[in-house]
Amino acid sequence: KAAAVVLPVAVQKGKELFFDAVRMGGCGRCHELQDRGTAVGPELKSLNAAKLRDLRAGSNTRVVTVSAAGEEPFPGIVVEQTAQRVRVYDVSAGLPVLRTFAAAQVSTTRGNAWSHAEAVRNYSDAEMEAIRGYLEWVAAQPVKN
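Residues numbered from 1 in each chain as written. Predicted model: local features only at pLDDT ≥ 70, side-chain atom pairs only at ≥ 80, totals over all residues. Heavy atoms only, no water.

Considerations on unusual backbone geometry
Part 1 of the reasoning: Backbone geometry at Gln34 places phi at a positive 55 degrees, although glycine is not the residue there.
Part 2 of the reasoning: Following the sequence through the fold, Gln34 ends up in the loop between β1 (32-33) and β2 (36-37). (Helix = DSSP H or I, 4+ residues; strand = E, 2+ residues; numbered from the N terminus.)

Given below as structure tokens:
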């Protein structure tokens with residue numbers, strides 16, 4: 001059995017914020033890291049230093065507008081789209097919800113007003129800096145085989 005990794009205090013603080021239960025899972029509600037969280041948003045382990053500079057400016061290029069029969073349009077991330085069904089993460093609420101629709105009952109269009117800055121609005125600048133430190137630490141770890 002491998003020995004437990006002891007994180008530097010600053011990195012531990014960033015990890016706690018990343019998976020913060022008070023913030024309904026924090027960053028981990030949309031991102032999976034170190035076998036925790038939910039793989040809704042982009043994979044973060046391989047982010048380069050330039051992308052880590054401003055975590056509030058995360059990309060929304062995968063977010064589309066989902067229009068389902070009988071519902072108001074909502075921001076979503078497509079997980080699967082076949083001739084029979086469409087599965088999307090509905091990111092309109094605090095926690096993403098995986099929803100499945102019959103393909104004939106839903107359409108998706110590029111673009112949406114959703115923003116990463118809004119999703120992380122409850123974090124202070126100091127907390128975002130701690131999270132960035134955690135992400136940099138994770139990125140520097142050797143790849144497990």
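Section: the nonpolar core
Within soluble globular proteins, side chains that are nonpolar generally end up buried alongside one another.
Part 1 of the reasoning: Formed by 19 residues in total, the largest nonpolar core has its most connected members in Phe18, Leu33, Tyr123, Ile131, Tyr134 and Leu135.
Part 2 of the reasoning: When residues of this core are traced back to their parent elements, those giving at least two are α1 (9-18) and α4 (125-140).
Part 3 of the reasoning: Here this core takes seven residues from α4, the largest share from any one element.
Part 4 of the reasoning: Beyond its immediate stretch of four places on either side in the chain, Leu33 contacts Phe18, Phe19, Leu44, Lys45, Tyr134, Leu135 and Val138.
Part 5 of the reasoning: The next biggest cluster of nonpolar side chains, apart from the first, holds eight residues, and it includes Val64, Phe74, Val88 and Phe101. (Core = buried A, V, L, I, M, F, W, Y, C linked by side-chain atoms within 4.5 Å. Buried < 20%, exposed > 50% of the residue type's maximum accessible area, 1.4 Å probe, protein only. Contact = heavy atoms within 4.5 Å.)

Things to note about the pairing of strand β3 (residues 63-68)
Both faces of the sheet carry side chains from a regular strand, because those side chains alternate between them.
Part 1 of the reasoning: Of all six residues in β3, five are buried, a share of seventy percent or more.
Part 2 of the reasoning: Where β3 and strand β4 (residues 74-81) come together, four bridges link them in antiparallel fashion. Considered in β4, the bridge of Val64 is made with Gly76.
Part 3 of the reasoning: Between β3 and β4, which follow one another and run antiparallel, lie five residues, and Gly70 among them has a positive phi close to 80 degrees. (Pairing = 2+ DSSP bridges.)

Remarks on the environment of Phe19
Part 1 of the reasoning: One can find Phe19 in the loop between α1 and β1.
Part 2 of the reasoning: Separated by 112 residues in the primary sequence, Phe19 and Ile131 have C-alpha atoms spaced 9.8 Å apart.
Part 3 of the reasoning: Setting aside its immediate chain neighbours within four residues, Phe19 contacts Gly25, Gly28, Leu33, Arg36, Gly37 and Tyr134.

Observations regarding the environment of Ala57
Part 1 of the reasoning: Along the chain, Ala57 turns up in the loop between α2 (49-52) and β3.
Part 2 of the reasoning: With a relative accessible area of 53%, Ala57 lands in the exposed category.
Part 3 of the reasoning: Between the alpha carbons of Ala57 and Leu33 there is a distance of 19 Å; along the sequence they are 24 residues apart.

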